2 protein chains.
Amino acid sequence: MASKKNHKRDWAGSAESHDHRICIVDALDKAAELCSQRGARLTQIRRRVLELIWSSHRPIGAYSLLKVLKEERANAAPPTVYRALDFLLEQGLVHRIQSQNAFIGCADPNHQHNGMFLICTDCGNAVELEETKIDRLLKSSASSRGFVIESRTVEAAGLCPDCQIN
Amino acid sequence: MASKKNHKRDWAGSAESHDHRICIVDALDKAAELCSQRGARLTQIRRRVLELIWSSHRPIGAYSLLKVLKEERANAAPPTVYRALDFLLEQGLVHRIQSQNAFIGCADPNHQHNGMFLICTDCGNAVELEETKIDRLLKSSASSRGFVIESRTVEAAGLCPDCQIN
DNA sequence: TAGCGATTGTTATATTATAACATTTATGGT
DNA sequence: ACCATAAATGTTATAATATAACAATCGCTA
Ligand SMILES: [Zn+2]
Ligand SMILES: [Zn+2]
Ligand SMILES: [Zn+2]
Ligand SMILES: [Zn+2]
């Protein structure tokens, strides 16, 4: 497989900032590898949906995915997409962005986790954070109330550096 | 107005744990006061929707609200509810729970903020946290990437103390 | 009380997601 | 290779959530 960070970049996925083709190839390679290891079947549809999700760093909705799929596969219907999404979510290959009812590729599918995102309200790009401190704080805050966290959503909306220039 | 915490409780709103009528009265009193201060009009519909939202500590969906409203106001329709919700959200009197497409009363509407919640997957009750540390961490993490946060969603799902007993 | 903006009524439709059952495809044991 | 089985996909219908657009009414104030 390819892998290894292909560059540094300030922000998510503006075409200028990095060679996004590498993001896509890496994501698909890693997905294939993980599914293979797990005996999970990354079928054509599932792989294609993952590829479409990775077509940008912007969360994409199920029906946007469906629109594209339909051009390639006349009988694609909502369940086609939602089943693929269910699979990809189960495998930790994508995350759901709750504040947008949309989906984005996971930056690090090797270990299962809930995503944590900064999402630009202007360009739509999202970057995944890994802030273990936030999870620890949240866990301890819950714990002090006797609450046990099983999953969580953390999504911050605002302006990315590129979009603050305006 | 009434106000002042009416009791201590381990967790959210189980009927046994507290006199919930006081929660409702306090919430409505505070809403009236805030709207009055701001020159915002807490109309009958808006007040009633707020009251329905406060009927429990469980997030409630727009169409559940609508179902009740319709019994009292034959011509209630989706816009009736969504407009009231828009108003209540704007005034910071309720929060939207993104992971459930549902709404819950704000525990402290005096200062504008995004909510932060622990939500029990078993009983459905939710409690609002105020963890300034988490916001500070999130802000600084964003800041290190040049990102400026304008709003955020933090929702943790899991088991409340009551529901762990099973 | 006339005018004006805010609120509510009304109808229609957009968007997101799932249910239910039929058919096809992949896989493992013989 | 052949069959039994489970998994995946096809197909149709519908549920659940949310908004658009325009009309009618209300409430304030000039
Ligand atoms: Zn990229
Ligand atoms: Zn991830
Ligand atoms: Zn209560
Ligand atoms: Zn609040």
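In the block above lies the structure referred to throughout.
Remember, it's a predicted structure, so these values are computed and weren't measured experimentally.

Draft legend 1. Seen up close, the coordination of the zinc ion (ligand 4). Residues and elements named next belong to chain B. Only His95 (NE2), Cys106 (SG), His113 (NE2), Glu128 (OE) and Glu128 (OE) from the protein reach the zinc ion (ligand 4) as donors, at distances of 1.9 to 2.6 Å. All donor residues of the zinc ion (ligand 4) come from one chain, and their arrangement in sequence is H-x10-C-x6-H-x14-E. Here His95, found in strand E1 (residues 94–97), pairs with His113, found in the loop between strand E2 (102–105) and strand E3 (116–120); they are 18 residues apart in sequence, far enough to count as distant.

Draft legend 2. Summary view of the relation of the copies chain A and chain B. Once chain A is rotated about the relating axis by 180 degrees and shifted along it by 0.0 Å, it coincides with chain B to within an RMSD of 0.0 Å. Taken together, the turn and the small shift mark the pair as related by a two-fold rotation axis. Residues of chain A ranked by C-alpha distance from the rotation axis are headed by Val154(A), positioned 2.3 Å from it.

Draft legend 3. Spatial organisation of the protein's contact with DNA strand C. Among the 18 residues in the neighbourhood of DNA strand C, the closest are listed as Tyr63(A), Arg96(A), Thr43(B), Asn75(B) and Arg83(B). Here DNA strand C approaches the protein such that, of its atoms within 4 Å, sugar and phosphate make up 53%. Take Tyr82(A): an N or O atom from its side chain is 2.9 Å from a phosphate oxygen of DNA strand C. One nitrogen or oxygen atom from the side chain of Arg83(A) is found 3.2 Å from a base nitrogen belonging to DNA strand C. The biggest single contributor to the surface near DNA strand C is helix H4 (residues 78–90) of chain A, with 4 residues. Broken down by class, the residue content of the surface near DNA strand C amounts to 7 nonpolar, 4 polar and 7 charged.

Draft legend 4. Quick peek at the state of the cysteines. Within the structure shown, the criterion is met by 0 disulfides over all chains. Note on Cys120(A): no disulfide assigned, nearest cysteine sulfur contributed by Cys123(A) at a separation of 3.7 Å. There is no disulfide at Cys160(B), and the cysteine sulfur nearest it, in Cys163(B), is 3.7 Å away.

So, how was this worked out
Residues numbered from 1 in each chain as written. Chains lettered and ligands numbered in written order. Predicted model: local features only at pLDDT ≥ 70, side-chain atom pairs only at ≥ 80, totals over all residues. Heavy atoms only, no water. Donors = N, O, S within 2.8 Å, 3.2 Å for Na, K, Ca; no water. Helix = DSSP H or I, 4+ residues; strand = E, 2+ residues; numbered from the N terminus. Least-squares fit on C-alpha atoms with pLDDT ≥ 70 in both. Near = heavy atom within 4 Å. Polar contact = N/O pair within 3.5 Å; in protein donor to acceptor, adjacent residues only side chain to side chain. Nonpolar A, V, L, I, M, F, W, Y, C, P; charged D, E, K, R; others polar. Disulfide = S-S within 2.5 Å.

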